[in-house]
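One-letter residues, chain by chain:
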Amino acid sequence: MAWKNQGGGPWGSGPKGPWGSGPQPAGPRPPDLEDLLRRAQDRLQQFLPGGYFSGLGIVLALLAVVVIWGFSGLFRVQPDELGVVLRFGKHVRTVGPGLSYHLPYPIETVLLPKALRVSTLNIGFTLDDSPRRTRDGRRDIPEESLMLTGDENIVDVQFTVLWRIKPSGAANYLFNIQNPEGSVKAVAESAMREVVGHSNIQGILTNDKDKIQLEVQELMQRVLDGYGSGILVQQLQMGNVNPPNADVIQSFNDVTNAKTELESLQNEAQTYANRVVPEARGKAAQITQAAEGYKQQAVVEARGQSARFLKVYEEYKKAPDVTRERIYLETMERILGNSDKLIYDGGSSGQGVVPYLPLNELSTRRPPPASPQQQQGTGGAR
């Protein structure tokens, strides 16, 4: 323009702008980008003789691009993740935690789901700071926890599901279900309602919780496997299980306490029975053995006496007089053998005996039988 050649432009002399003021003083200016690029080009020309568009320059540039493209395939899998490698969108392999490599994009890509992390899902309640929460920080959700039992009663069931991704099902988890947590929640609630619908309220509130937990977990796993979800139900824990009416809860608690006390008394009685019954059985066995021994002894003695009688009878038939006298002598010997005896002949030789004489004091008492040691000592003295 013509005003550039004038001293100050069309608005006057001096270095002024179109609004009547000159350039304002400024602080340190940023580096000029064009100047930096020009310097970088000059330095690069020193390493590429012949210019940028020479054959060697193009080859080196392509090699640099290929190297950078190749290193872009390195990736790291965190400890709670699994690496799902896709080749043109198709799953080809799954890698564990650590540093791994896949063919660079767009040939292969990798997805990193949190497959090794255990997730917790609460059904029937949630933990938050809302005004409806209870003392333990829970907020009840009746539309999820109220269920109909098999005996047409209503029960409030709150439970927690622990689930994670199967190591071999990470690809199914990524591509077969759209909302994993919502799917697990829907399946868990449906399975619990089905199992509770076939159970009685008394068992649900008392001693069938473990059985119900196992049945619900198995049913959930079958349904999720049928969906091809790649999800593993690791554990199911039932929490508060109560009737919906607060007045009924105390009655059920009383029934539960009574059953617990009954089981305690039964255990004590069983313990006492386990202690007393073996003792009684031992005494009975001891008495039976003693009676059996007495029976055998009596039978043997009776048989011996009968055999002896039969032998004596046989001899008696052969010589009655001799046998009779022999029996008499043996009997008298057995009776008089250990008694003091005084034989008095009342014939003519005994006329001078005074009738009042204490004859029993005149009899010489037999000394007690000597022991074998005394007999040996007497024999040695002779």
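Just so you know, these numbers come straight off a predicted model, no measurement behind them.

Cut-offs applied
- Residues numbered from 1 in each chain as written.
- Predicted model: local features only at pLDDT ≥ 70, side-chain atom pairs only at ≥ 80, totals over all residues.
- Heavy atoms only, no water.
- Helix = DSSP H or I, 4+ residues; strand = E, 2+ residues; numbered from the N terminus.
- Contact = heavy atoms within 4.5 Å.
- Areas by Shrake-Rupley, 256 points an atom, 1.4 Å probe, with all protein chains shown as cover.
- Pairing = 2+ DSSP bridges.
- Axes fitted to C-alpha atoms, helices over the stretch in contact; angles between N-to-C directions.
- Patch = residues over 30% accessible without salt bridge, like charges linked within 9 Å, V, L, I, M, F, W, Y side chains within 5 Å.
- Salt bridge = Lys/Arg side-chain N within 4 Å of Asp/Glu carboxyl O.
- Buried < 20%, exposed > 50% of the residue type's maximum accessible area, 1.4 Å probe, protein only.
- Parallel < 35°, antiparallel > 145°, perpendicular 65-115°, else oblique.
- Left-handed = near helix turned anticlockwise from the far one by under 90°.
- Nonpolar A, V, L, I, M, F, W, Y, C, P; charged D, E, K, R; others polar.
- Core = buried A, V, L, I, M, F, W, Y, C linked by side-chain atoms within 4.5 Å.
- Phe/Tyr/Trp six-rings, centres within 6.5 Å; stacked < 30°, edge-to-face > 60°.
- Expected span 1.5 Å × (residues − 1).
- pLDDT = per-residue confidence, 0-100.

Visitor: For this particular structure, what's the right way to read the overall build of the chain?
Guide: A count of helices and strands for the chain gives 11 helices and 11 strands. Sequence-distant contacts, at least 24 apart, represent 61% of the contacts inside the chain between residues at least 6 apart. Accessible area for the chain stands at about 28400 Å²; split by element, carbon and sulfur atoms hold 56% of it.

Visitor: How do you make sense of the sheet that holds strand S5 (residues 108-111) when you look at a structure like this?
Guide: Strand-to-strand pairing in sheets goes through backbone hydrogen bonds, with the strands running parallel or antiparallel. The strand order across the open sheet built from three strands is S3-S2-S5, with neighbouring strands paired in antiparallel fashion. Pairing within the sheet leaves two strands with one partner each, and these edge strands are strand S3 (90-95) and S5. Between one strand axis and the next, the sheet turns through 30° on average, direction left out of account.

Visitor: Help me understand a nonpolar patch on the surface in this model?
Guide: Side chains of Val67, Phe71, Leu74, Leu99, Tyr101 and Leu103 sit close together on the surface and give an oily, nonpolar patch of about 590 Å² of accessible area. Mapped by element, the contributors of at least two residues to the nonpolar patch are helix H2 (55-71) and strand S4 (98-101). With relative accessibility at 36%, the residue Leu103 sits in the partly exposed group.

Visitor: Would you take a moment to explain the pattern of salt bridges for this structure?
Guide: A side chain with one charge may pair with a side chain of the opposite charge, provided their charged atoms come close. Here the structure, examined in full by the defined rule, presents six salt bridges. Taking the shortest distance from any N to any O, the salt bridge between Glu189 and Arg193 comes out at 3.2 Å. One end of the pair, Glu189, and the other, Arg193, are both in helix H5 (residues 180-197), four residues apart, so they sit about a helical turn from each other. As a salt-bridge pair, Arg324 and Asp321 come within 3.0 Å of each other at their nearest N and O atoms. Placement of both Arg324 and Asp321 in helix H9 (residues 320-336) is noted, with a separation of three residues, approximately one turn of the helix.

Visitor: How do you make sense of the packing of H5 against helix H7 (residues 209-227) when you look at a structure like this?
Guide: When two helices pack together, you describe them by how their axes are tilted relative to each other and by the distance separating the axes. Orientation of H5 relative to H7, taken along the N-to-C sense of each, is 135°, at an axis distance of 9 Å. Compared by their axis directions, H5 and H7 come out oblique. For H5 against H7, the interelement crossing comes out right-handed. Here H5 contributes Val184, Val187, Ala188, Ala191, Met192, Glu194 and Val195 to the contact with H7, which in turn contributes Ile212, Glu215, Val216, Leu219, Met220, Val223, Leu224 and Tyr227. Here the residues of the contact of H5 with H7 sort into 13 nonpolar, no polar and two charged.

Visitor: Quick question: what am I supposed to make of the environment of Gly203 here?
Guide: Its location among the elements puts Gly203 in helix H6 (residues 201-205). In this view, Gly203 contacts Asp208 and Lys209; residues no more than four positions away in its chain are not counted.

Visitor: Would you explain the nonpolar core in this entry?
Guide: Among the nonpolar cores identified, the biggest contains 37 residues, and Phe159, Val161, Met192 and Met220 are the most heavily contacted of them. Mapped by element, the contributors of at least two residues to this core are strand S2 (83-87), strand S6 (119-123), strand S10 (154-165), helix H4 (170-175), H5, H6, H7 and strand S11 (231-242). Every residue in contact with Val161, bar those within four places of it in the chain, is listed here: Ser119, Thr120, Leu121, Ile123, Val184, Ala188, Met220, Val233, Gln235 and Leu236.

Visitor: I keep staring at the pairing of strand S1 (residues 74-77) and nothing clicks. Help me out?
Guide: Two faces belong to every sheet, and in a regular strand the side chains alternate between them. Here S1 shows a buried face lined by Phe75 and Val77 and an unburied face lined by Leu74 and Arg76. With four bridges joining them, S1 and S4 adopt antiparallel strand pairing. Among the inter-strand pairings, Leu74 is bridged to a residue of S4, identified as Tyr101.

Visitor: Sorry if this is basic, but what is going on with the packing of aromatic side chains here?
Guide: Ring pairs (aromatic) are described by centroid distance and by the angle formed between their planes. In this structure the tally under the stated criterion is one aromatic pair. With 6.5 Å between their ring centres and 10° between their planes, Phe309 and Tyr313 make a pair best called stacked. One end of the pair is Phe309 and the other is Tyr313, both in helix H8 (residues 246-318) and four residues apart, which spans about a single turn. Judged by its relative accessible area of 55%, Phe309 is exposed.

Visitor: Can you help me understand H5 in this one?
Guide: Because an α-helix packs 3.6 residues into every turn, residues spaced three or four apart end up facing the same way. Helix length check: H5 (18 residues) gives 26 Å between terminal C-alpha atoms against 26 Å at 1.5 Å per residue, within 8%. Every buried residue belonging to H5 is among Pro180, Val184, Val187, Ala188, Glu189, Ala191, Met192, Val195 and Val196, and all of these are buried.

Visitor: Would you explain the side chain of Ser145 in this entry?
Guide: In this fold, Ser145 is placed in helix H3 (residues 142-145). Ser145 has contacts with Gly124, Val155, Asp156, Val157 and Gln158, leaving out every residue within four places of it along the chain.

Visitor: What is the right way to look at the confidence of the model for the chain in this model?
Guide: Do not read the predicted coordinates in detail wherever pLDDT is low. Residues of the chain with pLDDT of at least 70 account for 70%, and the chain-wide mean is 75. Per-element confidence in the chain ranges from a low mean pLDDT of 48 for helix H11 (residues 372-381) to a high of 91 for H5. The low-confidence segment residues 1-27, where pLDDT is below 50, has 15 contacts with residues more than four positions distant or belonging to other chains.

Visitor: Please clarify how the side chain of Gln221 should be interpreted in this entry.
Guide: Structurally, Gln221 is set in helix H7. Overall, Gln221 belongs to the buried group, its relative accessible area being 14%. Setting aside anything within four residues of it in sequence, one finds Gln221 in contact with Lys166, Ile231, Leu232 and Val233.

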